[in-house]
Amino acid sequence: MALVTVRPLIHQRLMPFFRLQARLATRLNDRAKGFVCMMQEFFYFAMRSFRSIVMLPRYWSDTLTQMSQSGTESIPIVLVSSIAIGCLITLEVGNQLAQLGGKSLTPRATALSVIREMGPIVTGLMLSARVGARYGSELGAMKISEQIDALRAFGTDPIAKLVMPRLVAALSMFLPLTALSIFIGLVGGAVVASSYHHIDSSVYWNAVLNPLVVKDWLVAFLKPPFFAIIITLVCCYNGFNARGGTVGVGAATIKGIVVSSCFVLIANFYISKLVLENL
Amino acid sequence: MIEFKNVHLQYGDHAVLQGVSFVIPDAKITAVLGPSGSGKSTIIRLMLGLIKPNAGEILVDGVNISHMKEKDLFPIRKKMGMVFQGNALFDSLTAEENLAFFLRENLRLEEAEIAKRVRDMIHFAQLEGFEDKLPDTLSGGMKKRLAIGRALIFGPSMVLFDEPTVGLDPLSTKRILDVIHDLRTDRGLGAVLVTHLIHDVETVADSVLILFHGKIVFNDVPEKMQECDHPFVASFLQHPEDID
């Protein structure tokens, strides 16, 4: 008799917990489904963007405009950030090495950091912010104002017209921008090495350039095309899926920048690891 | 002619359209009336193939477009011009460039032919003297007329209007409704007019579909709306300003 009355009581007491558990499970299930659907959509979007590269001759002028906007106009921010990074690395590394009596190794340490890692990654992050914000907000505003639907309604493929030129522009401009960033970073390092650490310029450049091997350049220049693909596709995809007015455009832009920056950092690590371990 | 056969559309748990069937004849103005969120705009997006139904068939001149691929839809879309609620004009292009944009994009025409068609549309939209202006510098009525001009650029047989008079002053509203009326009488074009304003329906529509909770509750000439005994239609006719 006692058992009969106690069991329902326990059930009754635990019921809110069971309900909460069920609600959590449903929500998790919905989230997981949403994530899988989003990934599916993203890969389809990416595939269509690459497939529409065959239409490049038709959208050549759009591509040139994008090359100017995402490439040429990004030079100032790349210059400022890379010179700052080059100067700082030389300053800090030189100070640490001086304490160990190895100040002469400063140029080599600067070169490896700037060429292999800091040049590409600073350029990637700066372009993620500048170019990614531009792509996300432009396309988001077009989506909100139904311009993307208008393109489709009048027979123009919005991915070929809007995403493909941006993708090609990023693929062709990120590499020279990274090269510029590396060069300017090394110049910044040379200035600090000579003025602060009193290392002669010719000694610096000899120590920077002579020991470099193909692997170093490979690590540096394999990264920009991957960054270009990540930044363009992630930011354009978010722009294409913006909804909810101006707030939605802002949210889509931010999401694009945050997600692409994270993927840039992850890709940077794996490309470095892959090349350095296998070559 | 556009025909919907038992069309269902669902977003997650929300059923937008539940087994909707109707026929839109050529050279007639059909109004789609209903409260916000009843699926009115969804209907014209389905007609253009911008979204796909979950079930049912959408026939445009006898061709089933419900599962047609994007690249095959262009010949169908050319038959229908679309005027979006917010006009969807390209804000970095001038009025003239907005009209020429899709001609350059999709038809291999000589520049002289493009210029001629654009001139005709500028004249139709009564925008002479504003050819070089950006959309942002035009008034609401002018933007709407420019959007209608763009919708007519491929020479469609049907024009789809999404809330064409929303946000316009009474004078501009009258001009736009006159334009819609003239398209049918002078050019023999059909139109689908999505609206929540009874005034628009009474002024230009030949027939009216009323949507409520994703279902068609009335499909007849506007004059017969008074005879409809559906509670939503009756309440709407008593308080047309309170449609939502």
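Residues numbered from 1 in each chain as written. Chains lettered and ligands numbered in written order. Predicted model: local features only at pLDDT ≥ 70, side-chain atom pairs only at ≥ 80, totals over all residues. Heavy atoms only, no water.

Draft legend 1. Geometry of the overall build of chain B. Broken down by element type, chain B carries eight helices and ten strands. For a compact globule of 244 residues, the expected C-alpha radius of gyration is about 18 Å, and chain B comes in at 18 Å, within 12% of that figure. Its C-alpha atoms put chain B at 55 × 40 × 35 Å along the principal axes. Across the 244 residues of chain B, 51% fall into the buried class. Within chain B, counting contacts between residues at least 6 apart in sequence, those at least 24 apart form 63% of the total. Summing over all exposed atoms, chain B offers an accessible surface of approximately 11,100 Å²; the carbon and sulfur share of this is 50%. Averaging the positions of the 26 positive and the 35 negative side-chain charges in chain B gives two centres separated by 6 Å. (Helix = DSSP H or I, 4+ residues; strand = E, 2+ residues; numbered from the N terminus. Rg over C-alpha atoms; globule rule 2.2 N^0.38 Å. Buried < 20%, exposed > 50% of the residue type's maximum accessible area, 1.4 Å probe, protein only. Contact = heavy atoms within 4.5 Å. Areas by Shrake-Rupley, 256 points an atom, 1.4 Å probe, with all protein chains shown as cover. Lys, Arg positive; Asp, Glu negative; His and termini not counted. Charge placed at Lys NZ, Arg CZ, Asp CG, Glu CD.)

Draft legend 2. Quick look at the overall build of chain A. Within chain A, the secondary structure is distributed over nine helices and zero strands. The secondary structure elements of chain A, listed N-terminal to C-terminal, are α-α-α-α-α-α-α-α-α. Projected onto its principal axes, the C-alpha coordinates of chain A cover approximately 90 × 65 × 35 Å. Buried positions account for 43% of the 279 residues belonging to chain A.

Draft legend 3. Spotlight on the sheet that holds strand 9 (residues 207-212) of chain B. Residues and elements named next belong to chain B. Spatially, the six strands line up as an open sheet ordered 6-7-8-3-9-10, and their pairing is mixed. Each edge of the sheet is formed by a strand with only one pairing partner; in this case those strands are strand 6 (80-83) and strand 10 (215-220). The sheet shows a mean angle of 15° between the axes of neighbouring strands, direction not considered. Relative to strand 8 (residues 190-195), strand 3 (residues 29-33) is paired through five bridges, and the arrangement is parallel. When the sheet's bridge partners are listed, Ala31 is paired in strand 8 with Leu193. Across the sheet, helix 8 (residues 231-238) lies against strand 3, strand 9 and strand 10, angled at about 110° from strand 9, the strand it touches most. (Pairing = 2+ DSSP bridges. Axes fitted to C-alpha atoms, helices over the stretch in contact; angles between N-to-C directions.)

Draft legend 4. Representation of the packing of helix 6 (residues 158-195) of chain A against helix 7 (residues 201-209) of chain A. Residue and element names in this part refer to chain A. Between helix 6 and helix 7, the shortest axis-to-axis distance is 9 Å and the interhelical angle comes to 140°. Compared by their axis directions, helix 6 and helix 7 come out oblique. Crossing of helix 6 over helix 7 shows right-handed handedness. Seen from helix 6, the contacting residues are Leu186, Val187, Gly189, Ala190, Ala193 and Ser194; seen from helix 7, they are Ser201, Tyr204, Trp205 and Val208. Classifying every residue of the contact of helix 6 with helix 7 by side-chain character gives seven nonpolar, three polar and no charged. (Parallel < 35°, antiparallel > 145°, perpendicular 65-115°, else oblique. Left-handed = near helix turned anticlockwise from the far one by under 90°. Nonpolar A, V, L, I, M, F, W, Y, C, P; charged D, E, K, R; others polar.)

Draft legend 5. Structural view of unusual backbone geometry. All names here are of chain B. Its identity as a non-glycine residue notwithstanding, Asn6 has a phi of 50°, on the positive side. Here Asn6 shows up in strand 1 (residues 2-11). One non-glycine residue, His213, lies in positive phi territory at about 50°. Along the polypeptide, His213 turns up in the loop between strand 9 and strand 10.

Draft legend 6. Fine view of the sheet that holds strand 5 (residues 63-64) of chain B. Residue and element names in this part refer to chain B. The four strands lie next to each other as 2-1-4-5, forming an open sheet whose pairing is antiparallel. Two strands in the sheet have a free side with no partner beyond their single neighbour: strand 2 (14-24) and strand 5. The sheet contact formed by strand 1 and strand 2 spans seven bridges and is antiparallel. Looking across to strand 2, one finds that Gln10 is bridged to Ala15. This element, helix 1 (residues 40-48), spans strand 1, strand 2 and strand 4 (55-60) of the sheet and lies at about 65° to strand 2.

Draft legend 7. Local environment of helix 2 (residues 60-70) of chain A. Residue and element names in this part refer to chain A. Taken together, the buried positions of helix 2 are occupied by Thr63, Gln66, Met67, Gln69 and Ser70. Each buried residue of helix 2 lies within a common arc of 170° when the element is viewed along its axis, so the set occupies one face. Of the surrounding elements, those touching the buried residues of helix 2 are helix 4 (106-144) and helix 6. (Arc of directions from axis to C-beta.)

Draft legend 8. Just helix 3 (residues 75-99) of chain A, in detail. Residue and element names in this part refer to chain A. An ideal rise of 1.5 Å per residue puts 36 Å on 25 residues; helix 3 measures up with 36 Å between its terminal C-alpha atoms. All of the buried residues along helix 3 are Val78, Ser81, Ser82, Gly86, Ile89, Thr90, Gly94 and Leu97. On its buried face, helix 3 sits against helix 4 and helix 6. (Expected span 1.5 Å × (residues − 1).)

Draft legend 9. Region of the structure containing the nonpolar core. Counting residues in each nonpolar core, the largest one holds 117 residues, and the members touching the most others are Phe4, Leu17, Met47, Met80, Leu160 and Phe161 of chain B. Not counting residues within four places of it along the chain, the set of residues in contact with Leu17 of chain B comprises Val7, His8, Leu9, Ser38, Gly39, Thr42, Ile43, Leu46, Leu211 and Gly214 of chain B. If you look at the next biggest cluster of nonpolar residues, it comprises 13 residues, including Ile89, Ala190, Ala193 and Ile199 of chain A. (Core = buried A, V, L, I, M, F, W, Y, C linked by side-chain atoms within 4.5 Å.)

Draft legend 10. View of the environment of Gly248 of chain A. All names here are of chain A. If you trace the backbone, Gly248 turns up in helix 9 (residues 245-278). The sequence separation of Gly248 and Phe227 amounts to 21 residues, and the corresponding C-alpha distance is 25 Å. Residues within four places of Gly248 in sequence aside, it is in contact with Ala242 and Arg243.

Draft legend 11. Structural view of the interface of chain A and chain B. On the chain B side, the residues contacting the 15 residues of chain A number 22 residues. Both faces considered, chain A and chain B share a buried interface measuring about 1,600 Å² in area, 51% of it formed by carbon and sulfur atoms. It is Glu146, Arg152 and Phe154 of chain A that lose the most area in chain A upon contact with chain B, and together they represent 43% of the buried surface on that side. Inspection of the region where chain A meets chain B yields five salt bridges. Across the salt bridge formed by Glu105 of chain B and Lys161 of chain A, the nearest N and O atoms sit 3.4 Å from each other. Inspection of the chain A/chain B interface yields eleven residue pairs in polar contact (both at pLDDT 80 or more). Sorting elements by how many residues they give to the side of chain A that touches chain B places helix 5 (residues 147-153) of chain A first, with six residues. Taken together, the residues of the side of chain A that touches chain B sort by class into six nonpolar, four polar and five charged. (Buried area = accessible area lost by both parts, 1.4 Å probe. Salt bridge = Lys/Arg side-chain N within 4 Å of Asp/Glu carboxyl O. Polar contact = N/O pair within 3.5 Å; in protein donor to acceptor, adjacent residues only side chain to side chain.)

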